[in-house]
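A look at the structure
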Amino acid sequence: PWKEHVLATGPDVMFCLANLDQEGTGEESDTIEVLSSEFFNERVTVRSIQKGPQPKVVFERTIDDRCGAAFGCIPAFLDECQICPMEGYPTVVDSGSTVQNLKEGDKFSHLL
């Protein structure tokens, strides 16, 4: 029912979607970030994908290449400050988890 478009190779088992470049402007970002645990490549990566009719990877980086076969990753809010302004934190788009923890629009401080 849809045409497949390969944007990148690598993410293979689990990933989550986030908006890492929100600047507190209230405007929606033109990119979405894919945080991936790559089981077979034994690394954790982030890729920024420009949204639109012709999506493309505009940035990619390996976060950890010494973690071994990483099966999953999950965004979490672990900062101690409960009254800090939330504008500077990235936003969850889809936690990629079957266990409900953070939902769309929640802020997070760490990737576990």
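No experiment lies behind these values; they were computed from the predicted model shown.

Rules behind the numbers
Residues numbered from 1 in each chain as written. Predicted model: local features only at pLDDT ≥ 70, side-chain atom pairs only at ≥ 80, totals over all residues. Heavy atoms only, no water. Helix = DSSP H or I, 4+ residues; strand = E, 2+ residues; numbered from the N terminus. Polar contact = N/O pair within 3.5 Å; in protein donor to acceptor, adjacent residues only side chain to side chain. Contact = heavy atoms within 4.5 Å. 1 Å grid on protein atoms, 1.4 Å probe; cavity = no way out; pocket = protein on both sides within 12 Å on 5 of 7 lines; lining within 4 Å. Points joined across faces, edges and corners; volume = space filled by probe spheres on them. Nonpolar A, V, L, I, M, F, W, Y, C, P; charged D, E, K, R; others polar. Phe/Tyr/Trp six-rings, centres within 6.5 Å; stacked < 30°, edge-to-face > 60°. Buried < 20%, exposed > 50% of the residue type's maximum accessible area, 1.4 Å probe, protein only. Patch = residues over 30% accessible without salt bridge, like charges linked within 9 Å, V, L, I, M, F, W, Y side chains within 5 Å. Areas by Shrake-Rupley, 256 points an atom, 1.4 Å probe, with all protein chains shown as cover. Salt bridge = Lys/Arg side-chain N within 4 Å of Asp/Glu carboxyl O. Pairing = 2+ DSSP bridges. Axes fitted to C-alpha atoms, helices over the stretch in contact; angles between N-to-C directions. Disulfide = S-S within 2.5 Å.

Our next topic: the side chain of Thr45. Assignment of secondary structure puts Thr45 in strand β3 (residues 43–50). A polar contact of 3.0 Å, which involves the side chain of Thr45, links it to the side chain of Arg47. If we skip the residues at most four places from it in the chain, Thr45 touches Val34, Leu35, Ser36, Glu38, Arg61, Thr62 and Ile63.

Right, let's talk about the layout of surface pockets for a bit. Estimated volume of the largest pocket: approximately 220 Å³. Leu7, Ala8, Thr9, Gly10, Pro11, Phe15, Leu17, Ile32, Val34, Arg47, Ile49 and Val57 are the residues that line the largest pocket. Here the lining of the largest pocket is built from residues that sort into nine nonpolar, two polar and one charged.

Per the stated rule, a full pass over the model turns up one aromatic pair. A centroid spacing of 5.1 Å and a plane angle of 85° characterise the contact between Phe39 and Phe40, whose relative ring orientation is edge-to-face.

Attention shifts here to unusual backbone geometry. Trans is the prevailing form of peptide bonds, just as negative phi is the prevailing case for residues other than glycine. At Glu42, a position not held by glycine, the phi torsion is positive, near 55°. Tracing the backbone through its elements, the reader meets Glu42 in the loop between β2 (31–38) and β3. Given the relative accessible area of 44%, Glu42 is considered partly exposed.

Right, let's talk about a nonpolar patch on the surface for a bit. The grouping of Phe39, Phe40 and Phe71 at the surface amounts to a nonpolar patch, some 350 Å² of accessible area in total. With respect to the helices, strands and loops of the structure, Phe71 is situated in the loop between β4 (56–64) and β5 (75–76).

Taken in spatial order, the five strands line up as β4-β3-β2-β1-β6 in an open sheet, and their pairing is antiparallel. Since the sheet does not close on itself, it has two edges, and those belong to β4 and β6 (91–94), each with one partner. Between one strand axis and the next, the sheet turns by 30° as a mean value, whatever way the strands run. Bridge count between β2 and β3: eight bridges; the pairing is antiparallel. Across the sheet, Ile32 pairs through a bridge with Ile49, a residue of β3.

Attention shifts here to the pattern of salt bridges. For the structure shown, the criterion picks out three salt bridges. Arg47 is paired through a salt bridge with Glu38; the nearest N and O atoms lie 3.2 Å apart. A relative accessible area of 0% means that Glu38 is categorised as buried.

Once that is clear, we can look at the state of the cysteines. This model, assessed by the stated rule, comprises zero disulfides. Lacking any disulfide linkage, Cys73 is separated from the closest cysteine sulfur, that of Cys16, by 4.2 Å. A relative accessible area of 9% means that Cys73 is categorised as buried.

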